[in-house]
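Chain and residue survey
Here are the chains, one letter per residue:
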Amino acid sequence: MKPFIIFMLMLAPYAMTQAQHKETIHLWPGVVPGETGARHPAVATPDTSNSVVRLTDVTDPVLEVYPANPAHAKNIGVIVCPGGSYSILAINLEGYEIAKWLNQLGYTAFVLQYRVPKKEAGALQDAQRAMRIVRSRAKEWKLDPEKIGMMGFSAGGSLTARTSTQYNVKTYTPVDKADSLSARPAFGMLIYPAYLDKGEGRKLTPELTIDKQTPPMFLFATADDYFGNSALVMAGALRDAGVAVELHFYAKGGHGYGLRPGNSAAEVWPSLAAKWMEHLNIR
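This section reports on the structure supplied with the text. Please read all numbers here as calculations on a predicted model, not as lab measurements.

Here the focus is helix H5 (residues 228-240). In a regular helix each residue adds 1.5 Å, so 13 residues correspond to 18 Å; H5 covers 19 Å between its end C-alpha atoms and thus fits that length. Considered for burial, the residues of H5 that qualify are Gly-228, Asn-229, Ser-230, Ala-231, Val-233, Met-234, Ala-235, Ala-237 and Leu-238. Summarising the contacts, the buried residues of H5 are in contact with helix H4 (155-165), strand S9 (188-191), strand S10 (217-222) and strand S11 (245-250). Among the residues trailing H5, Gly-242 stands out with phi positive, at a value near 80°.

Next up, the structure:
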């Protein structure tokens, strides 16, 4: 059975619970930077433990568009980066289910299938390109091009932080007019982020260069998360640079819970994040 058919069958149980998918955008019209193999749909792994659909072998990065209901839509868009250790993408847990939540709040969501496994450089290229594409086509979704943010979970939180701090780094050769636009997210939301404390003595990861132009950020993590120090280090660096930052650090919750009920952290962060977005002063 072909990988794409297997993938669709695995997604079937979640079809009625996710937001309405309207369009798939292939990020790269020609050659994908750094890729030598053939382009093909992402491959779903056999591991569906905890009702999580895991994608890997992403060679053709895409954005899946989930517009908000026009009746209560805001002019703000959010690119969602699922986590998975830069090895897989927890596409339903930290992608489609998050898109549905954002839609309910009036935000248009864009779920990013960035390159995995272990293609961190390619993932940053994909995130920068995604930000520019959404900004270039913002009017199609009735969005303000200056109000396109990014949200990530675990490794996706790392990718969101990297995009927010390296938006001026040229990571690929421009391919069209969209690449003349800024790749800077208007804001970043890091939910149980990982890999932000890889500096000496568990300090900030060196590639994350923070200054006053770094976008405002919301961070949520827990003390019993192995990666919990990432949020603390990032929040401290943002504060020191004079960047608007809100950090919530709870005692328990672990890691990789998305927003599913039954986990104390999963049940609290969405309302905190929604309130933050509602009062966000985008500059």
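Still more to cover.
Reported here for the second largest pocket is a volume of approximately 190 Å³. The residue inventory of the lining of the second largest pocket, partitioned by class, reads 4 nonpolar, 7 polar and 2 charged.

The next point concerns the sheet that holds strand S4 (residues 62-66). Reading across from one edge, S1-S4-S7-S5-S8-S9-S10-S11 is the order of the 8 strands in this open sheet, with mixed pairing throughout. Edge positions in the sheet fall to strand S1 (23-26) and S11, since each of these pairs with one other strand and no more. Sheet twist, expressed as the average angle between the axes of neighbouring strands with direction ignored, equals 15°. Summarising the sheet, strand S5 (residues 77-81) and strand S8 (residues 148-153) pair through 5 bridges and their orientation is parallel. Directly across from Ile-79, in S8, lies its bridge partner Met-150. Along the sheet face, helix H3 (residues 120-136) touches S1, S4, S5, strand S7 (108-113) and S8 and points at about 145° away from the line of S8.

In this section: the packing of H3 against H4. It is at 10 Å that the axes of H3 and H4 come closest, and there the two elements cross at 65°. When you trace H3 past H4, the crossing you get is right-handed. Of the residues in H4, those in contact with Glu-120, Ala-121, Ala-123, Leu-124 and Ala-127 of H3 are Leu-159, Arg-162 and Thr-163. For the contact of H3 with H4, a count of residues per class yields 5 nonpolar, 1 polar and 2 charged.

The rules behind these values
Residues numbered from 1 in each chain as written. Predicted model: local features only at pLDDT ≥ 70, side-chain atom pairs only at ≥ 80, totals over all residues. Heavy atoms only, no water. Helix = DSSP H or I, 4+ residues; strand = E, 2+ residues; numbered from the N terminus. Expected span 1.5 Å × (residues − 1). Buried < 20%, exposed > 50% of the residue type's maximum accessible area, 1.4 Å probe, protein only. Contact = heavy atoms within 4.5 Å. 1 Å grid on protein atoms, 1.4 Å probe; cavity = no way out; pocket = protein on both sides within 12 Å on 5 of 7 lines; lining within 4 Å. Points joined across faces, edges and corners; volume = space filled by probe spheres on them. Nonpolar A, V, L, I, M, F, W, Y, C, P; charged D, E, K, R; others polar. Pairing = 2+ DSSP bridges. Axes fitted to C-alpha atoms, helices over the stretch in contact; angles between N-to-C directions. Left-handed = near helix turned anticlockwise from the far one by under 90°.

Function cannot be inferred from these measures alone, as they are strictly geometric.
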